[in-house]
Amino acid sequence: MASIGKREIKMINGTVLLMKKTPLDLGSSQVLAPHETYEVLGHKVILQLVSSVYGDQGKSLKGKLGNPSQLRDEIKTGSESKFCVTFEWDHEVLGAPGAFIIKNLNTSEFYLKSLTLEASDPTQDTSQFVCNSWVYPAEKYKSDRIFFVNQAWLPSETPAALRVYREEELLTLRGNGTGKLQEWDRVYDYDCYNDLGDPGNGPLYARPVLGGSVEYPYPRRGRTGRPPSKADPNSENRLPQIASFAIYVPRDEKFSPLKMTDVLGNAQKAIAQVFAPQLASLGNLSLNEFNSFEDVLKVYEPGTPVFLKYPTPHVIREEKSAWMSDEEFGRETLAGLNPVCITGLKAMEVNRLFILNYHDIVMPYARKVNTSHSKIYASRTVLFLQKDGTLRPLAIELSLPHPDGDQLGSISKVFTPAENGVEGALWQIAKAFVAINDSGVHQLLSHWLRTHASVEPFVIAANRQLSVLHPVYKLLHPHFRDTMHINALARQAVLNAGGIVEKTVFPGPLSMELTSIAYRDWVFPDQALPAELVKRGVAVEDHSSKHGVRLLIEDYPYAVDGLEIWSAIKSWVQEYISLYYKSDDMLQKDTEIQAWWKELCEVGHGDKKDEPWWPKMQTRQELINSVTIIIWMASALHAAVNFGQYPYGGYAPNRPGMSRRLIPEPGTPEYEELKVNPVKGYLKTITPQFQTLIGISALEVLSTHTSDEIYLGQRDSAEWIKDKEALLAFERFGKKLAEIEENITKMNNDKKWRNRTGPVKMPYTLLYPTSEPGLTAKGIPNSISI
């Protein structure tokens, strides 16, 4: 304790936890040499506390600063280091600290996890500053790095001494909209999808700009500021593939070093498997064909060379051929990896007929696709709801554009169920063409467009307009983790011209154009699960039912579990929002919320800015509904359509992505082969071996939980907010999710619910909230993180 005259100045002791950059941190272009260390930080890191009570006498009225302090007494624990720090702090003059400024005078960055200040007397609590941010050398920044106390304040309730700091931090995060962004920048800004094509590589690699036009509307993505392509000034210059991980996203949006290690390990394994020179050692296989289903199984069976070892997909773990049954075909429309496309035939009063309709979305592309190496039909599949709750396909219509011109409509073939002979073979192939359409629609629309692409503008707008002190930012922030980075990597190496998606799904080079056309029909309020189910005609509004809707297919695992998760999220959001907004008037006067929503509607989803369905954000209920939808899209919806990709689609005959030929006509050699060897005819129709291995390698990476995953109902820090009521409400949310887990397990073990396991004996767990790391077919991460 020091003294000044007659007044004693107390010392505040604190603990700083940071993580030093490791050689595996590919989030940075600066890689530490093995001998580089921070041996003694000392004067190299300077901290100053900021008063939340008293401002200086200047015009800025910023909170007064305490004297600079330095770190000491390092304790190393693995990659983390804990330091002590002591601040001189005159409570009478400065009041309670509400923020701190940090300057890094080292030559390299470090990851600052937290600062904890001990209570200066028994009547006070400790002060927590949860930082979780990379701190670059001070010379890189145009302003000081500031971190705020772990409190939630609406803009109008923020202590006056912190308001200018709050506003300045948001200005820094918005940037000035110009120039190439560097890795140390923390700027969140918007751009169109103008980096998918590579026109400098020739016309075959040119792709339209998505977003900013009536022809190709699209959500916005994060701006990188790279210069335009020399071949096309409307397209952004692309990074070389080898530099994919250097693509700009705000530094704190990049994967953690631990996650980067996991993702790289999985990706390297996938690449090694696909390009292994010993590929032919699987047996009597060419590089273009699987000759039998037994040949396909060799990819997974014991004895397969380690370099080419794929885990056995869940869909064939218990039963090797049950995937071929009509019951499993119907079940996967309700409990597979794409359970969001089946619709009701509304003309039917008995509600027993349903349809999987891929006619209208595929037909405009069928003629173009069929002039390439890939072949496709537009399809409609009618399914009947049986008394035992299962869906049985009744008929499949496969259509092609009329050979004499689109003005003449289409020509169609109708296939009905058959088990034996050539009719049975044709029925299996007809189902394969439906699966091909379903795979493409799933990957491009259900998965990419409706989760990844649609959520990114919410991430950008929130960081630009909502302070880290804002309670809604604190609520939403964990649901945005890693999304900008995984989307940037997808643009760079998956969705790009000639990338994995174009190689493995039926639209090929037209894939991303198709997502833009589908975005025309995107409606934000319809992303709410109850509304979405009603819109598809698989549920009806029923206020006497538990969730306000009644399912027309009682045994619909995705919808049954989804409604429970939806309800839990909404209850949590409502309880949390009600802690901070006591009236609609408080929401209307919240400048940050209003700016966030305005920018989201007018810029982030700017091609939809004139739509009448946008919530006006004038009532607390509008905020609760909107935030619930955002969390649902980022967590449960993404989990439901992502983590089943390898479990179902890792066995390609069950979920082919492309076809090489149309259905053989009677009298042709292909038709005669189908009579003699229907399995070989099937395998010759669907994706060839090499593209199959590319596809399932990618699916394995996308379906694997990394070891640092944080799941719904969890946070990376127990001290994520100071408010005890909010923490108690979050605890109740976690307990509700645990109850849902128990109920899912009970239903999966109840033979009454046949669609929950099906002929393949694969329990439906894609909406089971928690999971272990790895390929588990369960777990709802907080965010779109892979």
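Residues numbered from 1 in each chain as written. Predicted model: local features only at pLDDT ≥ 70, side-chain atom pairs only at ≥ 80, totals over all residues. Heavy atoms only, no water.

Asker: Explain the overall build of the protein chain to me, please; I cannot follow it from the model alone.
Answerer: The number of helices and strands found in the protein chain is 21 helices and 20 strands. Against the 2.2 N^0.38 benchmark of 28 Å for 786 residues, the protein chain shows a C-alpha radius of gyration of 28 Å, consistent with a compact globule. With the C-alpha coordinates of the protein chain rotated into their principal frame, the extents come out at 105 × 60 × 50 Å. Residues classed as buried in the protein chain amount to 58% of the 786 residues present. Pairs at least 24 apart in sequence give 72% of the contacts found in the protein chain among residues at least 6 apart. Total accessible area computed for the protein chain in this model is approximately 31,900 Å², and 54% of it derives from carbon and sulfur atoms. Here the protein chain contributes 86 positively and 93 negatively charged side chains, and the mean placements of these two sets differ by 1 Å. (Helix = DSSP H or I, 4+ residues; strand = E, 2+ residues; numbered from the N terminus. Rg over C-alpha atoms; globule rule 2.2 N^0.38 Å. Buried < 20%, exposed > 50% of the residue type's maximum accessible area, 1.4 Å probe, protein only. Contact = heavy atoms within 4.5 Å. Areas by Shrake-Rupley, 256 points an atom, 1.4 Å probe, with all protein chains shown as cover. Lys, Arg positive; Asp, Glu negative; His and termini not counted. Charge placed at Lys NZ, Arg CZ, Asp CG, Glu CD.)

Asker: Just to check I follow, could you spell out the packing of aromatic side chains for this structure?
Answerer: Tallied over the entire structure, the rule returns 34 aromatic pairs. Taken together, a centroid distance of 6.4 Å and an interplanar angle of 55° make the contact between Y136 and W184 tilted. In this pair, Y136 is assigned in the loop between β10 (127–135) and β11 (145–148) and W184 in the loop between α2 (160–174) and β12 (190–191), connecting sequence segments 48 residues apart. Their ring planes at 80° and their centres at 4.9 Å tell us that Y193 and Y218 sit as a pair that is edge-to-face. Highlighted residues: Y193 in the loop between β12 and β13 (221–222) and Y218 in the loop between β12 and β13, separated in sequence by 25 residues. Just as Y193 is buried, Y218 falls in that class too. Through pairs of rings, three or more aromatic residues link up here, namely Y193, Y218, W448, F458, Y519, W522, F524, W596, W597, W613 and W614. (Phe/Tyr/Trp six-rings, centres within 6.5 Å; stacked < 30°, edge-to-face > 60°.)

Asker: Teacher, can you tell me more about the side chain of S626 here?
Answerer: The residue S626 is located in helix α16 (residues 620–642) in this model. Looking at S626, its side chain comes within polar contact range of the main-chain oxygen of E622, at 2.8 Å. With sequence-adjacent residues up to four places away left out, S626 is seen in contact with F524, W597, P615 and M617. (Polar contact = N/O pair within 3.5 Å; in protein donor to acceptor, adjacent residues only side chain to side chain.)

Asker: When you look at the pattern of salt bridges in this model, what are you seeing that I'm missing?
Answerer: Between side chains of opposite charge, pairing is possible as soon as their charged atoms come close. Applying the stated criterion across every chain, the model contains 45 salt bridges. Its salt-bridge partner being K546, residue E564 comes within 2.8 Å of it at the nearest N-O pair. Highlighted residues: E564 in helix α13 (residues 557–580) and K546 in the loop between β19 (539–541) and β20 (549–551), separated in sequence by 18 residues. Relative accessible area serves as the criterion here: at 15%, E564 is assigned to the buried category. In this structure K546 comes out as exposed when scored by relative accessible area, which is 64%. Residues joined in a network through salt bridges with shared partners are D191, D195, R221, R226, E236 and R491. (Salt bridge = Lys/Arg side-chain N within 4 Å of Asp/Glu carboxyl O.)

Asker: Help me understand the sheet that holds strand β14 (residues 343–344), please; the structure alone is not making it clear to me.
Answerer: Spatially, the 5 strands line up as an open sheet ordered β14-β15-β16-β17-β18, and their pairing is antiparallel. For this open sheet the edge positions go to β14 and β18 (410–415), each flanked by a neighbour on one side alone. Examined bridge by bridge, strand β16 (residues 378–385) and strand β17 (residues 391–401) share 8 bridges and lie antiparallel to one another. What sits directly across from R380, in β17, is E397. Across the sheet, helix α5 (residues 326–335) touches β15 (353–358), β16 and β17, and the angle it forms with β17 is around 80°. Packing against the sheet, helix α6 (residues 359–370) makes contact with β15, β16, β17 and β18, and its axis sits at approximately 45° to β17. (Pairing = 2+ DSSP bridges. Axes fitted to C-alpha atoms, helices over the stretch in contact; angles between N-to-C directions.)

Asker: Would you take a moment to explain the environment of D252 for this structure?
Answerer: Topologically, D252 is positioned in the loop between β13 and α3 (257–275). Residues D252 and D185, 67 residues apart in the sequence, show an inter-C-alpha distance of 9.5 Å. Ignoring any residue separated from it by four or fewer positions in sequence, one finds D252 in contact with N132, S133 and W134. At a separation of 2.6 Å, a polar atom in the side chain of D252 contacts the side chain of S133.

Asker: Got a minute to help me understand the nonpolar core in this structure?
Answerer: One broad trend across soluble globular proteins is that nonpolar side chains are buried collectively. Ranked by internal contacts, the top residues of the largest apolar core, which has 178 residues, are F524, Y556, Y558, W596, L623 and W632. It is helix α7 (residues 421–465) that provides the largest number of residues to this core, a total of 22 residues. Excluding its chain neighbours within four sequence positions, the residues that come into contact with L623 are V472, I577, Y581, L587, I593, W596 and M617. Among the nonpolar cores identified, the runner-up in size contains 32 residues, and L47, V50, A99 and F100 belong to it. (Core = buried A, V, L, I, M, F, W, Y, C linked by side-chain atoms within 4.5 Å.)

Asker: So what exactly am I meant to see when it comes to the environment of A462 here?
Answerer: Along the chain, A462 turns up in helix α7. On the basis of relative accessible area, A462 is assigned to the buried category, the value being 1%. It is 9.2 Å that separates the C-alpha atoms of A462 and E592, two residues lying 130 residues apart in sequence. Those residues within four positions of A462 in sequence are excluded, and the remaining contacts are Y473, F480 and W596.

Asker: Help me out: how do you make sense of the packing of α13 against helix α21 (residues 724–748) in this one?
Answerer: Any two packed helices are characterised by the angle at which their axes cross and by the distance between the axes. Contact pair α13 / α21: the axes reach a minimum separation of 10 Å and the direction vectors enclose 175°. Judged on the interaxial angle alone, α21 and α13 are roughly antiparallel. Across the interface between the two elements, V560, D561, E564, I565, A568, I569, W572, E575, Y576, L579 and Y580 from α13 touch E725, A726, A729, F730, R732, F733, K736, L737, I740, I744 and M747 from α21. Considered class by class, the residues forming the contact of α13 with α21 number 16 nonpolar, no polar and 6 charged. (Parallel < 35°, antiparallel > 145°, perpendicular 65-115°, else oblique. Nonpolar A, V, L, I, M, F, W, Y, C, P; charged D, E, K, R; others polar.)

Asker: Is there a simple way to think about helix α20 (residues 689–702) in this case?
Answerer: Along an α-helix, a turn takes 3.6 residues, which lines up residues three or four apart on a common side. The end-to-end C-alpha distance of α20, which contains 14 residues, comes to 20 Å, matching closely the 20 Å that a straight helix rising 1.5 Å per residue would cover. Among the 14 residues of α20, 12 are classified as buried, and the element is accordingly described as predominantly covered. Here α20 has its buried residues at Q689, Q691, T692, L693, I694, G695, I696, S697, A698, L699, E700 and V701. (Expected span 1.5 Å × (residues − 1).)

Asker: Explanation requested: α7 in the structure shown.
Answerer: Here α7 spans 64 Å end to end across 45 residues, near enough to the 66 Å set by a 1.5 Å rise per residue. Remark: the principal bend of α7, roughly 50°, maps to W448. Burial within α7 is extensive, with 42 of its 45 residues counted as buried. (Bend = angle between axes of the 7 residues up to and from the residue.)

Asker: What am I meant to see in unusual backbone geometry here?
Answerer: The general pattern is negative phi for most residues beyond glycine and trans for most peptide bonds. Positive phi, close to 55°, is recorded for D73, a residue that is not glycine. Judged by its relative accessible area of 46%, D73 falls in the partly exposed class. Of note, D482 is a non-glycine position whose phi angle comes to about 70°, a positive value. You can see D482 is positioned in the loop between α8 (471–476) and α9 (483–493).

Asker: Would you take a moment to explain the pairing of strand β7 (residues 80–89) for this structure?
Answerer: Consecutive side chains of a regular strand alternate in pointing toward one face of the sheet and then the other. Only one face of β7 is buried: it carries S81, F83, V85, F87 and W89, and the other face, with E80, K82, C84, T86 and E88, is open. Pairing between strand β6 (residues 72–77) and β7: 4 bridges, direction antiparallel. Opposite T77, over in β7, you have E80 as the bridge partner.

Asker: Can you walk me through the pairing of β16 in this structure?
Answerer: As judged from the 6 bridges shared by β15 and β16, these two strands associate in the antiparallel manner. For N357, the partnering residue across the bridge sits in β16 and is R380. The antiparallel hairpin formed by β16 and β17 contains 5 residues in its connecting segment, where G389 sits at a positive phi of about 90°.

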